[in-house]
Amino acid sequence: MPLAEEHFFNLAAKSKSEGETMKFDEFLASEVNALKEKKLNWKLRELQGPSLPRSKVDGKEVLMLCSNNYLGLSNHPALKEAAIRAVQTHGAGSGSVRAIAGTQDLHFKLERTIARFKHTQAALYFQTGFAANQGSIPCLSGEGDLLVSDELNHGSIIDGVRLSKAERAIYKHCDMQDLERVLREAKAKNYRHIFVITDGVFSMDGDIAPLDQIEKIAHDYGAVVYVDDAHGDGVLGEHGRGIVSHFRLEGKIEIEMGTFSKAFGVVGGYVAGSQALYDYLQNKARSFLLSGSAPPATVAACTAALELLEKDDSLVKKLWENTRYYKSQLVSMGFDIGSSQTPITPIMLGESKLAQDFAEELFKEGVFALPIVYPMVAQGKARIRTMVTAAHTREDLDFALAAIERVGKRLGVGKK
Ligand code: PMP
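Residues numbered from 1 in each chain as written. Predicted model: local features only at pLDDT ≥ 70, side-chain atom pairs only at ≥ 80, totals over all residues. Heavy atoms only, no water.

Our focus in this paragraph is helix α12 (residues 314-332). Residues lying three or four places apart along an α-helix face the same way, a consequence of the helix completing one turn every 3.6 residues. Along its 19 residues, α12 runs 27 Å from first to last C-alpha, staying within 8% of the 27 Å computed at 1.5 Å per residue. Residues of α12 that are buried include every one of Val316, Leu319, Asn322, Thr323, Tyr325, Tyr326, Lys327 and Leu330, and no others. Buried residues in α12 make contact with α11 (296-311), β12 (344-350), β15 (382-387) and α14 (394-411). Glycine 334 sits one or two residues past α12 and shows a positive phi near 90°. (Helix = DSSP H or I, 4+ residues; strand = E, 2+ residues; numbered from the N terminus. Expected span 1.5 Å × (residues − 1). Buried < 20%, exposed > 50% of the residue type's maximum accessible area, 1.4 Å probe, protein only. Contact = heavy atoms within 4.5 Å.)

What follows is the structure, given as structure tokens:
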């Protein structure tokens, strides 16, 4: 999500006011209070056990409707067994950063598996997707380059772009004319490299970037394409191979980045592409080089997730069957699900207060879904973000739909 600056800063008084110096903790508390007053603070809900369609959250049995566990893999026996086995054979930790003594055979096996799954020459595994974006973007680009980014790209891309010495330009969300305008203007400036960077699936709206058009336009202007497949992996394409497979663009996209924290059910990030890309990042990406490597259990569970999907795509099919059913029911109940094309299903509500009240009421009804409000999304675009998974049964979805309908009636949203 592209979190706006003001979510973090400048909401309250500066730390020094006239004639007195606020103690640092008081300053911090005043910032948090300012967030609370605007109802922008995060209340961390406690998940008491595994992430399941029926989970225990803050002591209450609820239907989980906001996890990114698209395929239900986070509690899958094959992944758990792989993790336990890896602890027994390789220990609890890796002992070092990858570049020193922290590359175990398990890490190389995972990287070979990612490359095979994504149909690329090679793939480099990072500790998180955030570390993959934040580490790769500033190390691939530098002075004399231009980074061209969709206005709704994820915060980890935004931070990666900020860390780069390259110039930057933003194009309007999925607007190909605007992308072309930026690239046309850039042509005159003789940049060394131009990168077009986009989320594959946008996490707040669930719409899909037109990667086929982006590929064409970018390559017409000699630019390199970088796609973040965090919400496409395990969801789009053949056997969940992601957005490049979805658009049949194998071999045409220079840089594919993804995460294991969503459909693959574990944690970790990767950048996939050519062997030259792998060798370069492995030598230069600071988040890869200077941070301890992922522990054996995590790495082995990630490999198990990919091996499972290579063999069997039934979970991906179930995810889409559930998504079609759930979304069609919501629309027939009169709810606006925005521009979603994927299992990410926003229920558009408009005002922040309505979205917050809607989420509270849903929780009382036993359904856990998150309100997404300004500044996470534009003013007037507040919504409840609901997420369908393959693990939901028809009964689960009907339970959620009935609760949403009841809350909608109480709050005056949906069919009257
Ligand atoms: N990119 C996108 C589009 C994401 O949604 C996320 C997760 N919020 C990330 C990158 C970061 O991935 P990770 O959770 O593996 O750090």
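More follows now that the structure is in view.
Okay, the pattern of salt bridges next. A complete count under the given rule lists 24 salt bridges for this structure. When the shortest N-O distance is used, the salt bridge between aspartate 233 and lysine 118 registers 2.6 Å. Of this pair, aspartate 233 sits in the loop between β9 (224-228) and α8 (243-246) while lysine 118 sits in helix α3 (residues 105-118), and the two are 115 residues apart along the sequence. In this structure, the salt-bridge partner of arginine 241 is glutamate 238, at a minimum N-O distance of 2.9 Å. Using a relative accessible area of 10% as the deciding quantity, one classes arginine 241 as buried. Since its relative accessible area comes to 38%, glutamate 238 is described here as partly exposed. What emerges from the salt-bridge pattern is a single network uniting Glu361, Lys364, Glu365, Arg406 and Arg410. (Salt bridge = Lys/Arg side-chain N within 4 Å of Asp/Glu carboxyl O.)

With that settled, the discussion passes to the nonpolar core. Counting residues in hydrophobic clusters, the biggest one holds 63 residues, and the most contacted among them are Leu71, Val148, Leu179, Val196, Leu211, Ile214 and Phe260. In terms of residue count, α11 provides more of this core than any other element does, 9 residues in total. For this core, the domains that each give at least three residues are domain 1 (43-70 + 314-411) and domain 2 (75-311). Discounting residues that sit within four places of it in the chain, phenylalanine 260 has contacts with Leu110, Ile114, Tyr125, Gly265, Val266, Val267, Gly268, Gly269, Tyr270, Cys302 and Leu306. Formed by 33 residues, the second largest nonpolar core is a distinct cluster that contains Tyr325, Phe358, Ala359 and Val407. (Core = buried A, V, L, I, M, F, W, Y, C linked by side-chain atoms within 4.5 Å. Domains from an automatic or database assignment.)

Of all residues adjacent to the ligand, which total 14 residues, the nearest are Gly129, Phe130, Asp228, Thr259 and Lys262. A distance of 2.9 Å separates an oxygen atom of the ligand from a polar atom in the backbone of phenylalanine 130. Notes on the ligand: free accessible area 390 Å², of which the protein chains cover 84%. Examining the composition of the shell around the ligand, we find that 3 residues originate from one element, helix α4 (residues 129-140), more than from any other. (Near = heavy atom within 4 Å. Polar contact = N/O pair within 3.5 Å; in protein donor to acceptor, adjacent residues only side chain to side chain. Areas by Shrake-Rupley, 256 points an atom, 1.4 Å probe, with all protein chains shown as cover.)

With omega at 10°, the peptide bond leading from tyrosine 374 into proline 375 counts as cis. Note on placement: proline 375 falls in the loop between β14 (370-372) and β15. Positive phi, normally seen in glycine, also occurs at asparagine 190, with a value near 60°. In this fold, asparagine 190 is placed in the loop between α6 (176-187) and β8 (194-199).

Parsing the protein into structural domains produces domain 1 (43-70 + 314-411) and domain 2 (75-311). Once you take the C-alpha centre of each, domain 1 and domain 2 turn out to be 27 Å apart. Each partner contributes residues to the interface: domain 1 has 20 residues there, and domain 2 has 20 residues. Between domain 1 and domain 2, a total of about 1600 Å² is buried, with carbon and sulfur atoms accounting for 59% of that surface. Counting the surface domain 1 buries against domain 2, the share from its top three residues, Tyr70, Val316 and Gln341, is 28%. At the junction of domain 1 and domain 2, the tally comes to 1 salt bridge. The closest approach of N and O atoms between aspartate 205 and arginine 383, which form a salt bridge, is 2.9 Å. Counting across the interface, domain 1 meets domain 2 through 9 residue pairs in polar contact (both at pLDDT 80 or more). Listed by contribution, the elements that provide at least two residues to the side of domain 1 that touches domain 2 are α12, β12 and β15. Among the elements that take part in the side of domain 1 that touches domain 2, α12 stands out by supplying 4 residues, more than any other. (Buried area = accessible area lost by both parts, 1.4 Å probe.)

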